[in-house]
Amino acid sequence: MDFFAFYIRNEYLFAAVQLTLAMLGMGATLTVRDFAEILRAPRGLLFGFGLQLVGVPLIAWVFIATLATDPGVAIGLALCAAIAGGTTSNIFTYLARGNAALSIVLTTVSTLACLATTPLVLSLLIAERMPADFEMPAGRIAVEIGLYLLLPLALGMAVLRKLPRHADTIARGCIRASLLTVVLIVVGAHGAGRLDPEAFGEHNMGIVVAFIAVLTAVSALAPRLFRLPGTDAAAINIEIAVRNINLALLIKASLFPAVVGVADPVGDNVLFTALFYGGLSLMIGPVMCLLYRVRLKTVLVAS
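First, a word on scope: everything that follows refers to the structure included in this document.

Calculation criteria
- Residues numbered from 1 in each chain as written.
- Predicted model: local features only at pLDDT ≥ 70, side-chain atom pairs only at ≥ 80, totals over all residues.
- Heavy atoms only, no water.
- Salt bridge = Lys/Arg side-chain N within 4 Å of Asp/Glu carboxyl O.
- Helix = DSSP H or I, 4+ residues; strand = E, 2+ residues; numbered from the N terminus.
- Buried < 20%, exposed > 50% of the residue type's maximum accessible area, 1.4 Å probe, protein only.
- Expected span 1.5 Å × (residues − 1).
- Bend = angle between axes of the 7 residues up to and from the residue.
- Polar contact = N/O pair within 3.5 Å; in protein donor to acceptor, adjacent residues only side chain to side chain.
- 1 Å grid on protein atoms, 1.4 Å probe; cavity = no way out; pocket = protein on both sides within 12 Å on 5 of 7 lines; lining within 4 Å.
- Points joined across faces, edges and corners; volume = space filled by probe spheres on them.
- Nonpolar A, V, L, I, M, F, W, Y, C, P; charged D, E, K, R; others polar.
- Patch = residues over 30% accessible without salt bridge, like charges linked within 9 Å, V, L, I, M, F, W, Y side chains within 5 Å.
- Areas by Shrake-Rupley, 256 points an atom, 1.4 Å probe, with all protein chains shown as cover.
- Core = buried A, V, L, I, M, F, W, Y, C linked by side-chain atoms within 4.5 Å.
- Contact = heavy atoms within 4.5 Å.
- Disulfide = S-S within 2.5 Å.

Attention now goes to the pattern of salt bridges. Scanning all chains against the criterion turns up 2 salt bridges. Among the salt bridges present, the one from E11 reaches K252, with a minimum N-O distance of 3.1 Å. Note that E11 is positioned in helix α2 (residues 11–27) and K252 in helix α13 (residues 245–255), a separation of 241 residues in sequence. One exposure class covers both E11 and K252, and it is buried.

Have a look at this one:
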């Protein structure tokens, strides 16, 4: 069997599976207590959610309006802006010795909000970049978020409640399986000619690099200006920079389904933008962890 043709025929299935597995794994790490602790002092949560809901789309709008002339890149940036953080941001926050509970709750609250905010942000940012007869399938996107993101998240939490001894093993297994599926997506798309760095171009790569750099810088500076604790600042910074590309892949597969033998330069550039952003975030995440570990340790020693 030709795997690359098989991938193209089943791209949506690959995207749905990797997102479902990632959310199952994340849910198996969450308890109601995580939410209760943060709600007692919600300043960091409110600030982080506000930055996620308003700040990130505004930054994306500036890039789309001024730099992203390619429709696929513009749509890809909009997707990255419309989604929440993911399980990777929680892991990086833990390794950075930031407020892991805040990171988890921020991810969860933003994920729940995606049901309404993702279709809205996409409509606001990219409606003009779509064909004249295109209608944003807000209802379908909301249903997909419910089926492949929120439902697995709730099931994962149920696993933790019913099988606490096995929840950690299940969470690790699901997250690893999700990462493997993402690797298969990259291999399948590249082998089918859907990921072409030369066709994407250095200019477009530079736009994505600049976008993640600005998001990282703004989300690092803003919490400090508002005098949030260092551990909260670390959680917010990482949450904004390291986003849930799993959801972006699903929405791409829904909006621009791949067809064997049919070229789709716009859809290919949307996919490349999302995967390239995800790859960059995995590169800067460890650097952020190291910097915050040093900074927070210095603050702790000084106090």
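The end-to-end C-alpha separation of helix α7 (residues 100–126) is 33 Å, well short of the 39 Å expected for 27 residues at 1.5 Å each. If you look at α7, its biggest bend is around 65°, right at C114. Among the 27 residues that make up α7, 19 are buried, leaving the element largely enclosed by the rest of the structure. One side-chain oxygen at the N-terminal end of α7 lies 3.0 Å from the backbone nitrogen of L102; it belongs to N99.

So, about empty space enclosed by the protein. Applying the stated rule across the entire model yields 2 cavities of 30 Å³ or more. Here the largest cavity is characterised by a volume of approximately 80 Å³. Mapped by element, the contributors of at least two residues to the lining of the largest cavity are α4 (43–66), α5 (71–82) and α7. Top contributing element to the lining of the largest cavity by residue count: α7, with 5 residues. Counted by class, the lining of the largest cavity contains 10 nonpolar, 3 polar and no charged residues. Volume-wise, the second largest cavity comes out at about 30 Å³. Breaking the lining of the second largest cavity down by element, the ones donating at least two residues are α2 and α13.

Among the surface-exposed residues, F4, L180, V183, L184 and V187 lie close enough to one another that they form a single nonpolar patch of about 400 Å² accessible area. Among the elements that make up the nonpolar patch, the one with the highest residue count is helix α9 (residues 164–191) (4 residues). With relative accessibility at 32%, the residue L184 sits in the partly exposed group.

Here we come to the nonpolar core. Grouped burial of nonpolar side chains is what soluble globular proteins tend to show. F211 and L247 are the most contacted members of the largest nonpolar core, which totals 79 residues. Element by element, the count of residues in this core is highest for α7, at 10 residues. Setting aside residues no more than four positions away along its own chain, L247 makes contact with L19, I83, C114, T118, I145 and L149. If you look at the next biggest cluster of nonpolar residues, it comprises 9 residues, including F92, V242, C289 and Y292.

All right, on to the state of the cysteines then. Under the definition given, this model contains 0 disulfides. Unpaired in this structure, C80 has its nearest cysteine sulfur neighbour in C114, at a distance of 12 Å. Residue C80 is classed as buried on the basis of its relative accessible area, which comes to 0%. Between C174, a free cysteine, and C114, which holds the nearest cysteine sulfur, the sulfur-to-sulfur gap is 20 Å.

On their own, these measurements won't tell you what the molecule is for.
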